Structure formats: C-alpha cells, structure tokens
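If you want the building blocks of each chain, they are given just below.
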Amino acid sequence: FNMEAINRTQKIILFESEKSVMKLDSYMPDMSIGVCLSGSSLTNKQIEIIKDLNVDEVIVAIDKEFKQLGDEEEKYYAKKIEETILKKLNNMFHVSVIWDLENDLEAKMAPTDKGKETFMKLLNNRIILN
C-alpha cells in the first residue's frame, strides 16, 4: 500500500505496530512511508524487502520503552535497538532514529500516539546516525 510513497521519497519509517502506520497515513496521506515490523526487532526477510525498494534513508520509530532519559532502562533499550535493528541497517542505508529527547511521550507510547504535531516534532528532531 505504501510502496509508491516510499519509492517517491526514498524514505521508510519502521514502526512496531500497524496502528502507528495507520495513524501516520491519516496524519499525512501524501507521505505514507510507514511500515510495521510487528515487534521491536528486524528480521533478515524484512531487510531484503527494504533492499528491494528505492530506499535511501531508514527511520527507526520504535515505541518508547523507558520513563526517563539517562536511566538504566533507557540505556538498556538503546542497546537493544542498536543490536536488533541499527547494526543490521547501518552499512546499507542512511539511518536515523526517532528518540524522545524531550519527554514528549509517556513510556509504552508510539511516536504517533500523541498526534501529528508531536510526531512531526519527534521526526524533525530525530538522531541521524550516518
């Protein structure tokens, strides 16, 4: 469904759930570049699918699984995302991560859960890895 927009923009946003993809589609129908991982890790099959698209940048937008920046929970979660997603993508694509640097979200919330304005703020402030 979102392949045309992904190929046009050369960007893809990886969300954990279908709900986030549908919310993004409703916020920005002309920028329907979200896809669902169905979890918080990336499989080899999913990587192959992304490689088959015209993608330059992969934006990782996983649910927030910590309460406070700098706490042990955040450090653990950052390491988990690095190991299960980021390392698999770094040598193939430009990679960025939506990370809640200003506590706009509560724990367990997806980047799309607080509306378009908050999502756009998170997207514009994403961390560029390469």
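Preceding this paragraph is the structure being described.
Residues numbered from 1 in each chain as written. Predicted model: local features only at pLDDT ≥ 70, side-chain atom pairs only at ≥ 80, totals over all residues. Heavy atoms only, no water.

K.L.:
Any chance you could explain the nonpolar core here in plain terms?
P.N.:
The tendency in soluble globular proteins is for nonpolar side chains to be buried as a group. In terms of nonpolar packing, the biggest core is built from 38 residues, with Leu-14, Val-58, Val-60, Ile-85 and Leu-89 touching the most fellow members. Looking at this core, the elements that each hand over two or more residues are α1 (3-9), β1 (11-15), α2 (18-27), α3 (44-51), β3 (57-61), α4 (72-89), β4 (94-97) and α5 (116-124). Sequence-distant contacts of Leu-89, defined by excluding residues within four places in its chain, comprise Leu-14, Leu-42, Val-58, Val-60 and Val-95. (Core = buried A, V, L, I, M, F, W, Y, C linked by side-chain atoms within 4.5 Å. Buried < 20%, exposed > 50% of the residue type's maximum accessible area, 1.4 Å probe, protein only. Helix = DSSP H or I, 4+ residues; strand = E, 2+ residues; numbered from the N terminus. Contact = heavy atoms within 4.5 Å.)

K.L.:
Honestly, unusual backbone geometry in this entry has me stumped. Any pointers?
P.N.:
The bulk of non-glycine residues show a negative phi, and the bulk of peptide bonds are trans. The backbone of Gln-10 sits at a positive phi, close to 60°, despite the residue not being glycine. Tracing the chain through its elements places Gln-10 in the loop between α1 and β1. Positioned with a positive phi, Ser-38 is a non-glycine residue whose angle comes to about 60°. With respect to the element layout, Ser-38 can be found in the loop between β2 (34-36) and α3. Residue classification places Ser-38 among the exposed residues on the basis of a relative accessible area of 59%.

K.L.:
How should I be thinking about the sheet that holds β4 in this particular structure?
P.N.:
Either a parallel or an antiparallel arrangement is found when strands of a sheet pair, and the pairing is made through backbone hydrogen bonds. Reading across from one edge, β2-β1-β3-β4-β5 is the order of the five strands in this open sheet, with mixed pairing throughout. Both outer strands of the open sheet, β2 and β5 (127-128), are each paired with one neighbouring strand and no more. Bridge count between β1 and β2: three bridges; the pairing is parallel. Note that in β2 the partner of Ile-13 across the bridge is Gly-34. In the packing of α2 onto the sheet, contacts are made with β1 and β2, and the angle to β2 comes to roughly 165°. (Pairing = 2+ DSSP bridges. Axes fitted to C-alpha atoms, helices over the stretch in contact; angles between N-to-C directions.)

K.L.:
I'm lost on the pattern of salt bridges in this one. Help?
P.N.:
When the charged atoms of two side chains with opposite charge come close together, those side chains can pair. A full pass over the atoms with the stated rule returns 12 salt bridges. Here Lys-19 and Asp-113 are joined by a salt bridge, their closest N and O atoms 3.1 Å apart. Note that Lys-19 is positioned in helix α2 and Asp-113 in the loop between β4 and α5, a separation of 94 residues in sequence. When its relative accessible area of 38% is taken as the criterion, Lys-19 is described as partly exposed. Overall, the relative accessible area of 21% leaves Asp-113 in the partly exposed class. A salt bridge links Glu-102 to Lys-121; the shortest N-O distance between them is 2.8 Å. With Glu-102 in the loop between β4 and α5 and Lys-121 in helix α5, this residue pair connects regions lying 19 residues apart in the sequence. (Salt bridge = Lys/Arg side-chain N within 4 Å of Asp/Glu carboxyl O.)

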